[in-house]
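One letter stands for each residue in the lines below.
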Amino acid sequence: DPVLALSGVTKTYNKGLPGAVEVLRGAELSIAPGEVVALVAPSGAGKSTLLHIAGLLDTPDEGAVRICGRDMTGMSDRKRTAARREDIGFIYQFHHLLPEFTALENVVLPQLANGVNRGEAVTRAADLLARVGVGGRADHRPAALSGGEQQRVAFCRALANEPALLLADEPTGNLDPGTADHVFETLMELVRATGMAALIATHNMELAARMDRVLRMDNGVLTEG
Ligand code: ADP
Ligand code: ADP
């Protein structure tokens, strides 16, 4: 089974109103385990909408969303939340770390929410932080970390529950080009090492070219290449 499959997905904001915006028109997409796919589109083309639908944060008007072979269409909010917690990791342009908690705690908390015991969660968080080169910063709060370090911690948080699917919206868009390149390499190493599927929205064509496939969004339709 593909990790993520969208078929015939449509989405219109303000449907039936004068300000209606048709953002997705029959979007088709399939991502296999281990595949890293770039999503390239200009601002306003609907990247965030697509990522929110794929991540079960929003629902399409029509069409199906399947995660690991399970059709999520029509599922209850409770089941969608459970699937999101277990199967999906999110990374945003701005890290959204909890400012009052340390780097380690930011990676521990989503595991506790997923039922992992504290000892195991701490061990796994420390291991992940070390792997991305911020092990020495585990006891610092986000404000004491550089932008690149904060984003590495956000990667660890997204991967803490070993999701099958990683969704990222401009994961290095807030960093200077040199740092972005280095942090992107770290992300790719982590993704490759875990074998998860990833859909990564970016404006950066040079980064997109380093992924397995590039998808473009044009007038609400997804095209390959
Ligand atoms: P991107 O992430 O590519 O910048 P978005 O998915 O955020 O694009 O938005 C696509 C289009 O849908 C834009 O024209 C945006 O203004 C519109 N849009 C996004 N969210 C809403 C909303 N909640 N209500 C109405 N229009 C929206
Ligand atoms: P933008 O793409 O507009 O720069 P962000 O990258 O900050 O915005 O976030 C992308 C989208 O994800 C926003 O629509 C935001 O509301 C949503 N979002 C941010 N953090 C979370 C979260 N922890 N859980 C769910 N949705 C979130």
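Nothing here was measured: the structure is a model prediction, and the numbers come from that model.

## What to know about the sheet that holds strand S10 (residues 221–224)
Working step 1: Spatially, six strands are ordered S6-S7-S8-S3-S9-S10 in an open sheet, and the strand pairing comes out mixed. The two strands at the open ends of the sheet, each matched to only one other strand, are strand S6 (88–91) and S10. When the angles between neighbouring strand axes are averaged without regard to direction, this sheet yields 20 degrees.
Working step 2: Sheet analysis places strand S3 (residues 36–40) next to strand S8 (residues 197–201), joined by four bridges and oriented parallel. Bridge pairing in S8 links Ala 38 to Ile 200.
Working step 3: With respect to the sheet, helix H5 (residues 147–159) is in contact with S6 and strand S7 (165–169), its orientation differing from that of S6 by roughly 165 degrees.

## Let's talk about the UniProt feature "domain: ABC transporter" (unreviewed entry) in the chain
Working step 1: Following the UniProt record, one finds the feature "domain: ABC transporter" (unreviewed entry) at residues 4–225.
Working step 2: Across residues 4–225, helical content stands at 36% and strand content at 26%; the span's end C-alpha atoms are separated by 19 Å.

## Things to note about the pattern of salt bridges
Working step 1: Enumeration over the complete set of coordinates arrives at 14 salt bridges.
Working step 2: One salt bridge in this structure joins Arg 131 and Asp 127, with 4.0 Å as the shortest N-O distance. Linking Arg 131 with Asp 127, this pair stays in helix H4 (residues 118–131), spanning four residues, or about one helical turn.
Working step 3: Three or more residues joined by partner-sharing salt bridges are found here, namely Asp 181, Glu 185, Glu 206 and Arg 210.

## Details of the packing of H4 against H5
Working step 1: Packing of H4 against H5 brings their axes to within 9 Å, and their N-to-C directions diverge by 140 degrees. The angle between the axes of H4 and H5 places the two elements in the oblique class. Between H4 and H5 lies a crossing whose hand is right-handed. Seen from H4, the contacting residues are Arg 124, Leu 128 and Leu 129; seen from H5, they are Val 153, Cys 156 and Leu 159.
Working step 2: Each residue belonging to the contact of H4 with H5 can be placed in one class, and the counts come to five nonpolar, no polar and one charged.

## Some thoughts on unusual backbone geometry
Working step 1: Phi angles above zero are rare outside glycine, and Cys 68 is one such case at about 50 degrees.
Working step 2: Looking at Cys 68, the relative accessible area reads 34%, which means it is partly exposed.
Working step 3: A positive phi angle, near 55 degrees, is found at His 96, a position not held by glycine.
Working step 4: Secondary-structure assignment places His 96 in the loop between S6 and helix H3 (103–113).
Working step 5: Overall, the relative accessible area of 54% leaves His 96 in the exposed class.

Definitions and cut-offs
Residues numbered from 1 in each chain as written. Chains lettered and ligands numbered in written order. Predicted model: local features only at pLDDT ≥ 70, side-chain atom pairs only at ≥ 80, totals over all residues. Heavy atoms only, no water. Pairing = 2+ DSSP bridges. Helix = DSSP H or I, 4+ residues; strand = E, 2+ residues; numbered from the N terminus. Axes fitted to C-alpha atoms, helices over the stretch in contact; angles between N-to-C directions. Contact = heavy atoms within 4.5 Å. UniProt positions renumbered as here; feature names shortened; annotations may be inferred. Salt bridge = Lys/Arg side-chain N within 4 Å of Asp/Glu carboxyl O. Parallel < 35°, antiparallel > 145°, perpendicular 65-115°, else oblique. Left-handed = near helix turned anticlockwise from the far one by under 90°. Nonpolar A, V, L, I, M, F, W, Y, C, P; charged D, E, K, R; others polar. Buried < 20%, exposed > 50% of the residue type's maximum accessible area, 1.4 Å probe, protein only.

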